[in-house]
Amino acid sequence: MQIIKPDINIDFVGKKGLAIVLSLVLILAGLVSLVAKGGPRYGIDFAGGTLIQVKFNQPTDAATIRGALAPLNLRGLTVQRFEGEGDEFLLRAQESSAALEGLSHRITEALEGSFGEGQLELRRMEMVGPQAGRELRNRGLLAVLYAMIGILIYVSWRFKFRFAVGAILALLHDVLFTVGIFSLLNKEIDLPVIAAFLGIVGYSLNDTIIVYDRIRENTGKIEKESFPSVINRSINETLSRTIMTSGTTLLVVLALLIFGGGVIQNFALALFIGIMVGTYSSVFVASPVLLYWDEYRARRRGAKG
Amino acid sequence: MSKSIVMRGGVVAGCLLLALLALAPTFVPDRLPAWWKKAFDPIHLGLDLQGGMHLVLGVEAEKAVESRVDSLVGQLEAELQSRELVVRRVERIGESQLKIVAYEEDTVRQIDEWLSANYPDLEPQAGETVDGAVAKSYRLSSRTVETIKSNAVRQAVETLRNRVDQFGLSEPVLQRQGEDRILVQLPGVKDPKRAVALLGKTARLEFKLVAEQVDPMEAARGMLPPGTQLLYERQLNRRSGAVAQTPIVVYDQTVLTGDLIADAQVRIDPRFNEPYISLDFNALGAKSFDRITGANVGRRMAIVLDDTVYSAPVIRERISGGSAQITGSFSEQEAADLAIALRAGSLPAPVKVLEDRTVGPSLGMDSIKQGMTSVIIGGLLVVLAMALYYNVSGLVANLALVLNMVFLLALLSLFKATLTLPGIAGIVLTLGMAVDANVLIYERIREELRNGMSVRAAIDAGYSKAFLTIIDANITTFIAALVLFQFGTGPVKGFAVTLSIGIASSLFTAVFVSRLVFDLVLERFQVKRLRI
């Protein structure tokens, strides 16, 4: 079976202006949302706080739970039905570090007080102090930064520097885009989501490298072929592979998103968005950057001489 | 068969055999002989899958410095007195400084000389004159401060290890992290709240004399004479379970500390059927206790644990046996935990819970189930897609994919790596990405076939041309995974582990194994048309 005909020749390079406008609009939309909401919505890993997952034996709703917890006067309490079957809820509270210790116990007691003992099960409890949260956040940001530096070095070594610039811009594009979409969807960013970002960085690069590899191979093969034409031919030649690999990867991530359960849903969502945009960026961002870089250098040389 | 194929087949068969040996204890643990299970561990599950507790404790090491300066203050007061150097007071300033206030310049000079000879750790700071008195400050040298801090953390790790051992868990983890952090992992812990309480207890036991002449009520309003402090005595009403706090004033000076305890046990007082803790001092402690009780017969001595007075009995007679009792208000469980903490030793500085993640066993089971479902469904989808798209060659890629799963799990077990929920997600992601190498090769082969190459030549060219691309593409993902491994903690690290192992094993199966299958088929059969 073949989806992509061997002699396919789509003018990807010609649409680079349109692609850049599209990317900018989407990233700007995300950034506007980020600014409007005062930064990304951090999960308790980064913001500090307490998260409790409780399963009730009887049907109940968020309002009843809120009522049961009202006497505790918790700061920033949110009650949210958890994905999956049964009456499972996710409670979050933002409290200062001193009040955090033992908070989960107080919450369970209050719930047992109004629902009856043995009527609920504490499935998961996470408490992160504000100091630890700040540190985890810094480490997460550093991780993404170091991964990019490592990749920049490797790609500069294997290819040329301009390829590395293109690859890094594509990665920034992907991560910014995903952070923006997360903000638009009002999803939380926590440790697993940062892990997903690094997964995206790895995947998107994988895709970019394969196109670059073909560009390098095709450069100088046909005499007097212009650089834009080389790039376009390379993208077309690898298109079948790009679609097949992205397709299988998206399939498995979709399986993870649907069947993986609530605990890793945000993680799977980040991967899903990131892999789609990563595929797009290796065609529409990473390759055009090579062209712009070339034009920019030519202009500078022209201006000098 | 050619020699090369036999050799390569042998390598694959050997790897497969090793993988099956390693995986058997995970999947069929009941039917294996003991030596087998001893040689290969089953795959180790993370806390998020098997349930348990993950704690990050922060040691407040600066408190250890403060208490060192405090004890220096006491020591200096006594020594200055014995040298007849009259000073108004000696006090601690901030974390690592102390200030001596004297009446005359001359005294300060003498103290200065004596200190520099006997206490080289104390660095003199600028002096000052305040309404007639001469004050001089000394700072603990930064090297000494660093040593105290790092010793405090090291000692805290030891003490916590002793306490954790009392839980009787199968594989507790206790690690120092960075400068002042301690990571504690308690898989399968039954009562998380109790565990936190027991680990977080400083368990600093002090004996202090009660200042009888001070009215505690006055003191509670702020009228505290110098050299004394206000503490609260804890009283438990056994019937209602309510805890009452009554103020009590004691002298600052600690006459004896819990460091000198050799053993602590819970006993039940048969008269009231109440628990108490019986303490045995070591030789040095017994001697001190003997001297102190002898010198203070008729006075009350407060038994202070972590700044709470548990009881303040009257000393009726000199106690020479080297043992003492803490009676007082605690439930049986509290008494048991106190005894554990006293036996394990006190923490040199208080610890604070910075992170606490607890997963119940039922959620862990659900996560395993959901993870497995995703792996199976994701895997089937990929297998189907490959078979549809690449026909018979797709089946070869699928064989490589299945082997990849086997090797990935086997490597997890051989490396004794921990499988977490994000780790399972990493396996799922690997399933999708692992076929990439085969896709790259097949697309190349298709190109070469279109260019009119023979099957044999097309396969050769496909593999050799795609190889470098595959390496380049995988190494970059590998870099990202390595960074993640370095920075991630707990569950997230599991993602990095499966992702990087998955990359390595997929290179082996997708390139090496699939090539072997093609070569084998080409040698056996006359292949005119490759179904790809």
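In this text the structure is predicted, and so the values were computed from the model without any measurement.

Enquirer: If you had to explain the overall build of chain B to someone new, which residues and values would you point to?
Expert: The helix and strand tally for chain B stands at 14 helices and 19 strands. Whereas a compact globule of 532 residues would reach a radius of gyration of roughly 24 Å, chain B reaches 35 Å, over 25% beyond that. Viewed in the frame of its principal axes, chain B has a C-alpha envelope of about 110 × 60 × 40 Å. Burial statistics for chain B: of 532 residues in total, 41% are counted as buried. Contacts in chain B between residues far apart in sequence, at least 24 positions, make up 68% of those at least 6 positions apart.

Enquirer: Before we move on, can you summarise the overall build of chain A with the specific residues and values?
Expert: Check the secondary structure of chain A and you find 11 helices and four strands. Against the globule reference of 19 Å for 305 residues, chain A gives a C-alpha radius of gyration of 24 Å, more extended than a compact globule. A principal-axis box enclosing the C-alpha atoms of chain A has dimensions of 80 × 50 × 30 Å. Restricting the contact set of chain A to residue pairs at least 6 apart, pairs at least 24 apart contribute 79%.

Enquirer: Help me get a handle on the interface of chain B and chain A, residues and values and all.
Expert: At the interface, 55 residues of chain B touch 58 residues of chain A. Of all the secondary structure elements, the ones that give two or more residues to the side of chain B that touches chain A are β18 (351-359), α11 (361-414), α12 (421-450), α13 (455-487) and α14 (490-524) of chain B. It is α11(B) that provides the largest number of residues to the side of chain B that touches chain A, a total of 15 residues. For the side of chain B that touches chain A, the residue count by class is 32 nonpolar, 14 polar and nine charged.

Enquirer: Pulling in residues and values, what's your account of the domain arrangement of chain B?
Expert: Along its sequence, chain B is carved into domain 1 (3-50 + 361-524), domain 2 (62-144) and domain 3 (201-357). Each of domain 1 of chain B and domain 3 of chain B was reduced to a C-alpha centroid, and the two centroids are 61 Å apart.

Enquirer: Give me the sheet that holds strand β5 (residues 122-130) of chain B: which residues, what numbers.
Expert: Residue and element names in this part refer to chain B. Strand order across the open sheet formed by four strands is β3-β4-β6-β5, with antiparallel pairing between neighbours. The sheet terminates laterally at β3 (87-93) and β5, the two strands that pair on one side only. Taking each pair of neighbouring strands and ignoring which way they run, the sheet shows an average axis angle of 20°. Here six bridges tie strand β4 (residues 97-102) to strand β6 (residues 133-140), and the two strands are oriented antiparallel to one another. Within β6, the residue paired with I100 across the bridge is K136. Its contacts with the sheet put helix α5 (residues 105-118) on β3, β4, β5 and β6, and the angle it makes with β6 is roughly 15°.

Enquirer: Break down the sheet that holds strand β8 (residues 181-187) of chain B for me, citing the residues and quoting the values.
Expert: Read across the open sheet, the eight strands follow the order β2(A)-β3(A)-β1(A)-β4(A)-β18(B)-β2(B)-β8(B)-β7(B); overall the sheet is antiparallel. Sheet topology places β2 (78-81) of chain A together with β7 (173-177) of chain B at the edges, where each strand pairs with a single neighbour. For this sheet, the mean inter-axis angle between neighbouring strands, taken without regard to orientation, is 20°. Bridge analysis of strand β1 (residues 49-56) of chain A against strand β3 (residues 87-93) of chain A gives seven bridges, and the strand direction is antiparallel.

Enquirer: Go over the packing of helix α6 (residues 130-158) of chain A against α13(B), please, and point to the residues and values.
Expert: Two numbers describe how α6(A) lies on α13(B): the axes approach to 9 Å, and their chain directions differ by 155°. As the angle between them shows, α6(A) and α13(B) are arranged roughly antiparallel. Along this stretch, α6(A) crosses α13(B), giving a crossing that reads as right-handed. Contact residues: α6(A) offers R139(A), L142(A), A143(A), Y146(A), A147(A), G150(A), I151(A), Y154(A) and R158(A), while α13(B) offers D472(B), I475(B), T476(B), I479(B), A480(B), V483(B), L484(B) and F487(B). In terms of residue class, the contact of α6(A) with α13(B) is built from 12 nonpolar, two polar and three charged.

Enquirer: So what's going on with the domain arrangement of chain A? Residues and values would help.
Expert: One frequently used descriptor of interface size is the decrease in accessible area upon assembly of the parts. Residue and element names in this part refer to chain A. If you check the domain split of chain A, you get domain 1 (13-42 + 132-304) and domain 2 (49-128). For domain 1 versus domain 2, the separation of C-alpha centres amounts to 39 Å. Taken together, the contact pairs five residues of domain 1 with four residues of domain 2. Taken together, the residues that form the side of domain 1 that touches domain 2 break down as one nonpolar, four polar and no charged.

Enquirer: Any chance you could break down the packing of α11(B) against α12(B) for me, citing the residues and the numbers?
Expert: Geometry of a packed helix pair, given as the angle between the helix axes and the separation of the axes. All names here are of chain B. α12 packs onto α11 with a crossing angle of 5° between their chain directions and a minimal axis gap of 8 Å. The angle between α11 and α12 places the two elements in the roughly parallel class. In terms of residue class, the contact of α11 with α12 is built from 16 nonpolar, 10 polar and no charged.

Enquirer: Tell me about the confidence of the model for chain B, and please be specific about residues and values.
Expert: Residue and element names in this part refer to chain B. Within chain B, residue pLDDT values average 87, and 99% of them lie at 70 or more. Summarising per-element confidence for chain B, the mean pLDDT is lowest in helix α10 (residues 332-344) (81) and highest in α11 (93). Prediction confidence for the complex, expressed as pTM and ipTM, is 0.82 and 0.88 respectively.

Cut-offs applied
- Residue positions within a chain follow its written sequence, with the count starting from 1.
- Chains and ligands are labelled sequentially in the order written, the chains with letters from A and the ligands with numbers from 1.
- Local features in this predicted model are restricted to residues of pLDDT 70 or higher, and side-chain atom pairs are both shown and tallied only at a pLDDT of 80 or more, whereas totals for entire chains, interfaces and linings draw on every residue.
- The secondary structure listing takes helices from DSSP runs of H or I that are at least 4 residues long and strands from runs of E that are at least 2 residues long, numbered from the N terminus.
- Our radius of gyration looks at C-alpha atoms and nothing else; its globule reference is 2.2 Å times the residue count to the power 0.38.
- Around each residue's C-beta, the other C-beta atoms within 10 Å are counted; 20 or more make the residue buried, 12 or fewer make it exposed, and counts in between make it partly exposed. All C-beta atoms are placed from the backbone.
- Contact between two residues is assigned whenever their backbone-derived C-beta positions fall within 7 Å.
- Gly falls in the polar group here, along with every residue not listed as nonpolar (Ala, Val, Leu, Ile, Met, Phe, Trp, Tyr, Cys, Pro) or charged (Asp, Glu, Lys, Arg).
- Domain boundaries shown here were taken from an automatic or database domain assignment.
- When DSSP finds at least two bridges between two strands, those strands are taken to pair.
- Axis lines are fitted to C-alpha atoms, over the contacting stretch for helices. Their N-to-C directions set the angle, which ranges from 0 to 180 degrees.
- Any angle that is under 35 degrees is reported as roughly parallel, and any over 145 degrees as roughly antiparallel; angles of 65 to 115 degrees are reported as roughly perpendicular and all others as oblique.
- A crossing counts as left-handed when the near helix is turned anticlockwise from the far one by less than a right angle, and as right-handed when that turn is clockwise.
- Each residue carries a pLDDT score, the predictor's confidence in it, ranging from 0 to 100.

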